[in-house]
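Single-letter residue listing:
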Amino acid sequence: MNGTIGHVGLLVGLFGAVAGIALAGAGIVTGRPWLVRRARTYSYVVLFGALVAVVGMERALLTHDFTLAFVAGNNSRETPILFSVTGLWSALQGSILLWSTILAVYLVIFVRHVRNRVDEPVVSVALLVSLVAAAFFFALMIGPADPFAATVGAIPLDGAGPNALLQDNILDAVHPVFLYLGFVGFTVPFAISIGSLVAGSVGEEWLALARRYAVVAFAFLTAGIVLGAWWSYDTFGWGGYWGWDPVENAALLPWLTATAYLHSAMVQERRGLLRIWNLSLLLATYALTILGTFLTRSGVVQSVHAFSDSGIGPALISYFAVVVAVGVGLIGWRGDRLASPGGIDAPVSREGAFLVNNLIFSAIALVVLVGTVFPLFVEALNGQQVSIGRPYFDSFTVPLGIALLFFMAVAPALPWRKASRGVLRRRLALPAWAGGVTLVALVAAGVRGLTPLVAFGLGAFAAASALRQLVLAAVTARRHGLSAWRGVLGRANGGMVVHIGIVIIAVGLTAASSFAHETALTIQQGATAHFEGHTISFSSWERYANGNEKGREAVMVVDGRRFYPRVGSFDGSSTGTATPAIDSSPFEDVYLALTSVPAGLVGPVTVDVFIQPLIAWLWAGGAVVVLGALLSAAPGRRRRPTDPSSVPLPELADELVGAASR
Amino acid sequence: MTTVATEPARSVTRPYRPKRRRLGVAAAVLLGAMGFLIYKGVTSAVVYFKTAQQAVEARAALGNSTFQIEGTVVPGSKRAGTGSGNFSFEISSGPVKVEVHNTGVPPQLFGPGVPVVLVGHFVGMTDTFASDQILVKHSNSYIAAHPNRVRGPNGSMH
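Quick notes on the rules
Here the residue numbering is sequential within each chain, running from 1 through the sequence in written order. For this description, chains carry letters from A and ligands carry numbers from 1, given in the order in which they are written. Local features in this predicted model are restricted to residues of pLDDT 70 or higher, and side-chain atom pairs are both shown and tallied only at a pLDDT of 80 or more, whereas totals for entire chains, interfaces and linings draw on every residue. As a rule here, side-chain values come from all non-hydrogen atoms in the structure, and water together with hydrogens is ignored. Secondary structure elements follow DSSP: runs of H or I no shorter than four residues count as helices, runs of E no shorter than two count as strands, and numbering proceeds from the N terminus. Should any heavy atoms of two residues lie within 4.5 Å, those residues are counted as being in contact. In this description, accessible areas are obtained by the Shrake-Rupley approach with a 1.4 Å probe, and a residue is regarded as covered only by the protein chains that are shown. One less than the residue count of a helix, multiplied by 1.5 Å, gives the span that helix is expected to have. Think of it this way: the bend at a residue is just the angle between two axes, each fitted to seven residues, one set ending at that residue and the other starting at it. A fitted line through C-alpha atoms serves as each axis, taken over the contacting stretch for helices, and the angle formed by two N-to-C directions is quoted from 0 to 180°. The cut-offs work like this: below 35 degrees is roughly parallel, past 145 is roughly antiparallel, 65 to 115 is roughly perpendicular, and the gaps in between are oblique. Two helices crossing with the near one rotated counterclockwise from the far one by less than a right angle form a left-handed crossing, whereas a clockwise rotation gives a right-handed crossing. Here the nonpolar group is Ala, Val, Leu, Ile, Met, Phe, Trp, Tyr, Cys and Pro; Asp, Glu, Lys and Arg are the charged ones; every other residue, Gly included, is treated as polar. Note on aromatic contacts: the rings of Phe and Tyr and the six-membered ring of Trp form a pair at centre separations within 6.5 Å, being stacked when their planes are under 30 degrees apart, edge-to-face when over 60 apart, and tilted otherwise. The buried label applies to any residue whose accessible area, calculated with a 1.4 Å probe on protein chains only, is under 20% of its type's maximum; exposed applies above 50%, and partly exposed to all values in between. A ring is scored as having a charge over it whenever the NZ atom of a lysine or the CZ atom of an arginine sits within 6 Å of its centre and within 35 degrees of its normal. Buried residues of nine kinds, namely Ala, Val, Leu, Ile, Met, Phe, Trp, Tyr and Cys, make up a nonpolar core once their side-chain atoms join them within 4.5 Å. Whenever a carboxyl oxygen of Asp or Glu lies within 4 Å of a side-chain nitrogen of Lys or Arg, that contact is scored as a salt bridge. A pair of strands counts as paired when DSSP detects no fewer than two bridges linking them.

A. Main features of the overall build of chain B. In terms of regular secondary structure, chain B is built from 4 helices and 7 strands. Moving toward the C terminus, one meets the helices and strands of chain B in the order α-α-β-α-α-β-β-β-β-β-β. Across chain B, every contact between residues at least 6 apart in sequence was considered, and the portion connecting residues at least 24 apart equals 44%. Total accessible area computed for chain B in this model is approximately 8300 Å², and 62% of it derives from carbon and sulfur atoms.

This is the structure in structure tokens:
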């Protein structure tokens, strides 16, 4: 029954996408706009199909319908309702269903955004491209990644249940959704850039629209990455949050290129420069989301996340190849026609700084990409299995990250076109003092180490620089009779909030990697140990039961506070899962993880103890970045008509669209 | 040239091509340097992955270099070592057994019969492996006791 509902939904979705492609394609080729307008409607059919399939799957999960292989493998009768619901994306096939559904939602939002302008070549091609993407993912589910495949053989009385680590923590229930909202969100900007290339027009207003989608996708992707890191820290008991694992890199790569794009897009909107570069970044971002999905979902790269092997590898890599070939081909074909007039006047200018920013982000992306795919090449060439260790990634990203902090401090103060020494001195004096004073204060307080001192100093410089911009924007808003809060809205001002969030993350990262302490302690019952100024004692072993989770925990006291590090299992499974006990504060986390539990619950406890300074800043900084990104997606203060501009104001464009539709 | 010139006028009057060529050369040099650095970095950071059987077969070639070795902990082979926290055990893959001296903290799920991946190197000319990190492989869940590659026998979650 549920399988039938699901298959019907998938077929409806695929039909909607294919019919839309046929109509839009025919309309574009024969020059009949009414056909393209008709194709628009089919995006609703795609969404309807996806929702029907999701309903089928959720119904199957909630009613524990083990006739479906996916449910039998990822659900059990004891699974709580929440984790039954999130079971949809707990394994490959369901994840593809989630991906397709999110894509259908974005598709419908895009169609509504441009409903009256589908006759324009950029939009009609973009619609076609989005429908092709949707058709591909629905075809995946009808082919190699069928979420509704029937259980082979006897129907089990009970299912295997979700992976223990996936029901440990609510963060895990949500972080994949954010990641997918981010990944899939780059489909629309990608479609718009393909549309621009095919139409041979830059369509600055479409670029503004692409940028807005990219900002929203960026916000979701950031949230997904930070929540994923937080979950890893909270669940895995290794005291860390980022391991340069292929799955993590797969999420980071499109984030890097998208971040580069969000900066260089401003150069295009303001000066009309870097057009081809921006289109390339959007194409690369989308291609990297597909490559990342291929790397992590096809089983070619062995990852700590060990997602299932599946038959979707060849399909995904072919799709990736098509995306890259089409993108490169179109840029080669249209490159000259779209090339920007003029160039950058002076290296010390806002656009010069954006260019450097782009080079650094691209360099980091290249480093991460090479480190991620290099093991694949080695294995393909000589059959050797290798991995690339953390030192490789750190040795490049740390200096590049520090360079980014410097440019983040200086760039907002640089004027467009050309900077004079006087202007720079006036604008940078205060932030530079903030950085210098911070540096001196830290040295006086006994902080040592070149990298952390440089990072903290530059962080203060960059944060002060961003704050200065925000204060100025608020003052300007007041002067125009608006609320000061308008000063944080809009592209550049929201961007400054993002900068502050990034500085907070950078400080947290630096502190956690430079000043963390780790040890393994074995403590007898009733005894006390000391580590880094903390008093740690072990009271007793206890058994606990918590819903469908049962296990054993050590009762420990650190500085008067009780800790319960645990090892437990779900639904009586033999897979033990350790849950660390963490006491978090803005300044320091104390983190205890059991390394083993003695048989019979007698004897000493052995725990890994981590003292992590400022690690909470990572999560807080992530929240600030997301907030800033959302603020920058909101329309900002109108530009004065006398300001130079190469773009119609977005508000004005919206009004024009509105007037045209009335 | 004044900075207030309009775009089209400037693109006609400015000496365009030499500047562009210079930029191209600078970009090529930058890209080349970056490529060289990345190549050096990545080739020196390669860590090989061998099963215990493969490692013993390639003993001579591996020398004392660091690599990852995979095998199953032989039940009853664990013995306390000389230093605090040190211990020894054997891992097996196929017919081959390898003696391991470990100095790292074992993850929660370490135990007899558990498939593990160890990071370390062979000691001197012997077939004894010095391990400073133990990763537990698990067939049906992903164990991230340490952030590194963990290979499930069937690669699957379930």
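Anyway, onward from the coordinates.
B. Structural context of helix α13 (residues 350-382) of chain A. Residues and elements named next belong to chain A. Look at α13: 47 Å from first C-alpha to last across 33 residues, which is about the 48 Å you get at 1.5 Å a residue. Of all the bends in α13, the greatest, near 40°, is centred on Val373, and the proline Pro375 appears no more than four residues after it. Gly383 sits one or two positions beyond α13 and adopts a positive phi of about 75°.

C. Just the packing of helix α2 (residues 33-62) of chain A against helix α6 (residues 121-142) of chain A, in detail. All names here are of chain A. Where α2 contacts α6, the axes come no closer than 11 Å and their chain directions differ by 30°. On the basis of the axis angle, α2 is roughly parallel to α6. Relative to α6, the crossing made by α2 is left-handed. Residues Val36, Ala39, Arg40, Val46 and Ala50 of α2 form the contact with α6, whose participating residues are Ser124, Leu127, Leu131, Ala134 and Phe138. Looking at the contact of α2 with α6 residue by residue, the classes come out as 8 nonpolar, 1 polar and 1 charged.

D. Quick peek at the packing of aromatic side chains. All names here are of chain A. Within the structure shown, the criterion is met by 28 aromatic pairs over all chains. Arranged with centres 6.2 Å apart and planes meeting at 75°, the rings of Phe15 and Tyr42 form a pair that is edge-to-face. Of this pair, Phe15 sits in helix α1 (residues 2-30) while Tyr42 sits in helix α2, placing them 27 residues apart in sequence. For the pair Phe538 and Trp541, a centre-to-centre distance of 5.4 Å together with 70° between the ring planes defines the contact as edge-to-face. Of the two residues examined, Phe538 and Trp541, each falls in the buried class. An aromatic cluster of at least three residues, connected via ring pairs, comprises Trp99, Phe136, Phe137, Tyr180, Phe183, Phe190, Tyr286 and Tyr319. Here the guanidinium or amino end of Arg334 rests over the ring plane of Trp333, the centre of that ring lying 3.9 Å away. Directly above the aromatic system of Tyr544 lies the positively charged group of Arg566, at a separation of 3.8 Å from the ring centroid.

E. Spatial organisation of the nonpolar core. Formed by 151 residues in total, the largest nonpolar core has its most connected members in Leu97(A), Phe137(A), Ile192(A), Tyr241(A), Tyr261(A), Tyr392(A) and Trp619(A). Every residue in contact with Leu97(A), bar those within four places of it in the chain, is listed here: Leu10(A), Ala50(A), Ala53(A), Val54(A), Met57(A), Leu88(A), Met141(A), Pro147(A) and Phe148(A).

F. Just the pattern of salt bridges, in detail. Residues and elements named next belong to chain A. Considering all chains together, one arrives at 10 salt bridges over all chains under this definition. Note that Arg271 and Glu351 form a salt bridge whose closest N and O atoms lie 2.3 Å from each other. Of this pair, Arg271 sits in helix α10 (residues 246-271) while Glu351 sits in helix α13, and the two are 80 residues apart along the sequence. Relative accessible area serves as the criterion here: at 7%, Arg271 is assigned to the buried category. A cluster of three or more residues bridged by salt bridges with shared partners is formed by Arg211, Glu269 and Arg491.

G. Region of the structure containing the pairing of strand β11 (residues 605-613) of chain A. Residues and elements named next belong to chain A. Buried residues dominate β11, accounting for 8 of its 9 residues. Pairing of strand β2 (residues 517-523) with β11, which is carried by 7 bridges, proceeds in the antiparallel orientation. By the bridge assignment for β11, Leu521 is matched with Val607. In the sheet, strand β10 (residues 588-596) pairs with β11 via 8 bridges, with the strands oriented antiparallel. By the bridge assignment, Ala593 is partnered in β11 with Asp608.

H. Focus on the pairing of strand β9 (residues 581-584) of chain A. Residues and elements named next belong to chain A. Two strands pair when backbone bridges link them, and β9 and β10 are joined in this way by 4 bridges, in the antiparallel orientation. Residue pairing in the sheet places Ser584 in a bridge with Asp589 of β10. Here β9 folds back onto β10 in antiparallel fashion, the turn holding 3 residues.

I. Structural detail: the packing of helix α9 (residues 204-236) of chain A against α10(A). Residues and elements named next belong to chain A. Between α9 and α10, whose axes approach to 10 Å, the crossing angle comes to 145°. α10 is crossed by α9, and the crossing has left-handed handedness. Contacts between α9 and α10 involve Glu204, Leu207, Ala208, Ala210, Arg211, Ala214, Val215, Phe218, Leu221, Thr222 and Ile225 on the former and, on the latter, Ala251, Leu252, Pro254, Trp255, Thr259, Tyr261, Leu262, Ala265, Gln268 and Glu269. Among the residues making up the contact of α9 with α10, the classes are represented as 15 nonpolar, 3 polar and 3 charged.

J. Structural context of helix α16 (residues 450-479) of chain A. In a regular helix each residue adds 1.5 Å, so 30 residues correspond to 44 Å; α16(A) covers 43 Å between its end C-alpha atoms and thus fits that length. Phi turns positive one or two residues past the end of α16(A), at Gly481(A), with a value near 75°.

K. Fine view of unusual backbone geometry. All names here are of chain A. Phi angles above zero are rare outside glycine, and Leu274 is one such case at about 60°. Here Leu274 lies in the loop between α10 and α11 (275-297). Residue classification places Leu274 among the buried positions, given a relative accessible area of 17%. Look at Glu532: it is not a glycine, yet its phi comes out positive at around 50°. Looking at the element boundaries, Glu532 is found in the loop between β3 (528-531) and β4 (534-546).

Nothing here speaks to function; it is all geometry.
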